[in-house]
Amino acid sequence: MSSLLHPMLNVAIRAARAAGTIINRAALDVEAVRISQKQVNDFVTEIDHASEQAIIDALLTAYPGHGIHAEESGRTHGNPHADHIWIIDPLDGTTNFIHGFPVYCVSIALAVKGRIEQAVVYDPTRNDLFTATRGRGAFMNERRIRVSKRTRLAESLVSTGFPFRKGDDFQAYLRMMADVMQRTAGLRRPGAAALDLAYVAAGFTDGFFETGLKPWDVAAGSLLVTEAGGLIGNFSGEAGYVEQAECLAANPKVYAQLVQVLRKYSRFDSDQRPAGERKTPITLKKNALAASSAASPDMSPDEASGTSSDAHSDTIDPAA
């Protein structure tokens, strides 16, 4: 790890790699992994728990006063009222993992006073490490990354996620997918949203959209995308208010074109909202993450120290 990295990012990288070691070891004999079901088609394994604990231990050893918001353990660790809150998905893509399908990752983000400042997405199968610090750009394996330069949706490769939980509106998703598929070069469903966002940041795909995501799915990826020059928001293109975890990310040109396709499927389009109805800022209590609408500005002295007092669009409310 580079000494030039922000110290909090360095700690997050160590935590992600520790979790990756646990995951890779278990992947050698995935049939022996104990699996339980949180709800229909929503699985958790002993590896999710072991990976999460390794991450929490590493983070709180370095920063005992920080808070934790993790997929499996919630806010039971650390200080829930701290300005610094770590948002953790210890194994994004659990269903892929338990089937031996090698598309899954570790996602760790740091929110400071409600704004994402540090991000790590680690793919242990390929040993690919995606990192970002606000105002310092996004990187893959220590090389600077940027979103793709494609300008036409018809030439773009777009990733998504399928509904899989009880109560999901599968028919509506099929209509949405059909609209996107006939307008793009291809639609992909890898199965790990954090990695999907990292791939948008790296320019491997040109866009991504999905509904029903949680803060730990998108927190780190959102900073990767914006630091790589991309945009992220809801289906109507509104940044900062991603209610119900409606997420769209892409390079700027493709983003605008995807908004035109997906806007009619958004429940939060201000053009369709009754006059006077007020949007509610996203909070972690609602299990969603606010999104940023542009690449990050230059880093301030406060941000360089890992804190920020500037109220920006990609803020979250870490309050319990």
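Details of the structure are given in the entry above.
Residues numbered from 1 in each chain as written. Predicted model: local features only at pLDDT ≥ 70, side-chain atom pairs only at ≥ 80, totals over all residues. Heavy atoms only, no water.

**Examining the overall build of the chain**
Then, number 1: Summing up its helical and strand segments, the chain has 8 helices and 14 strands in all.
Then, number 2: Counting contacts in the chain only where the partners sit at least 6 residues apart, residues at least 24 apart contribute 65% of the total. (Helix = DSSP H or I, 4+ residues; strand = E, 2+ residues; numbered from the N terminus. Contact = heavy atoms within 4.5 Å.)

**Here's the deal with the side chain of D196**
Then, number 1: The residue D196 is located in helix α5 (residues 193–202) in this model.
Then, number 2: For the buried D196, no salt bridge is present, and the opposite-charge side chain at shortest range is R189, 7.1 Å distant.
Then, number 3: Excluding residues within four positions of it along the chain, D196 makes contact with S159, T160, P190, T205 and F208. (Buried < 20%, exposed > 50% of the residue type's maximum accessible area, 1.4 Å probe, protein only. Lys, Arg positive; Asp, Glu negative; His and termini not counted. Salt bridge = Lys/Arg side-chain N within 4 Å of Asp/Glu carboxyl O.)

**A word on the sheet that holds strand β13 (residues 231–233)**
Then, number 1: Read across the sheet, 5 strands follow the order β11-β10-β12-β14-β13 without closing on themselves; strand pairing throughout is mixed. Bordering the open sheet on either side are β11 (186–188) and β13, each of which pairs with just one other strand. Looking at each pair of strands side by side, their axes are set apart by 15° on average, direction ignored.
Then, number 2: Relative to β11, strand β10 (residues 157–160) is paired through 3 bridges, and the arrangement is parallel. For L157, the partnering residue across the bridge sits in β11 and is G186.
Then, number 3: On top of the sheet, helix α4 (residues 170–181) reaches β10, β11 and β12 (207–210); it is set at about 165° to β12, its chief contact. (Pairing = 2+ DSSP bridges. Axes fitted to C-alpha atoms, helices over the stretch in contact; angles between N-to-C directions.)

**Focus: unusual backbone geometry**
Of all residues except glycine, most have a negative phi; of all peptide bonds, most are trans.
Then, number 1: Phi is positive for K113, close to 50°, though the residue is something other than glycine.
Then, number 2: Relative to the helices and strands, K113 resides in the loop between β5 (105–112) and β6 (115–123).
Then, number 3: For E142, which is not a glycine, the phi torsion comes out positive at approximately 70°.
Then, number 4: Take E142: it is sitting in the loop between β8 (138–140) and β9 (143–145).

Don't take any of this as a statement about function, it's just geometry.
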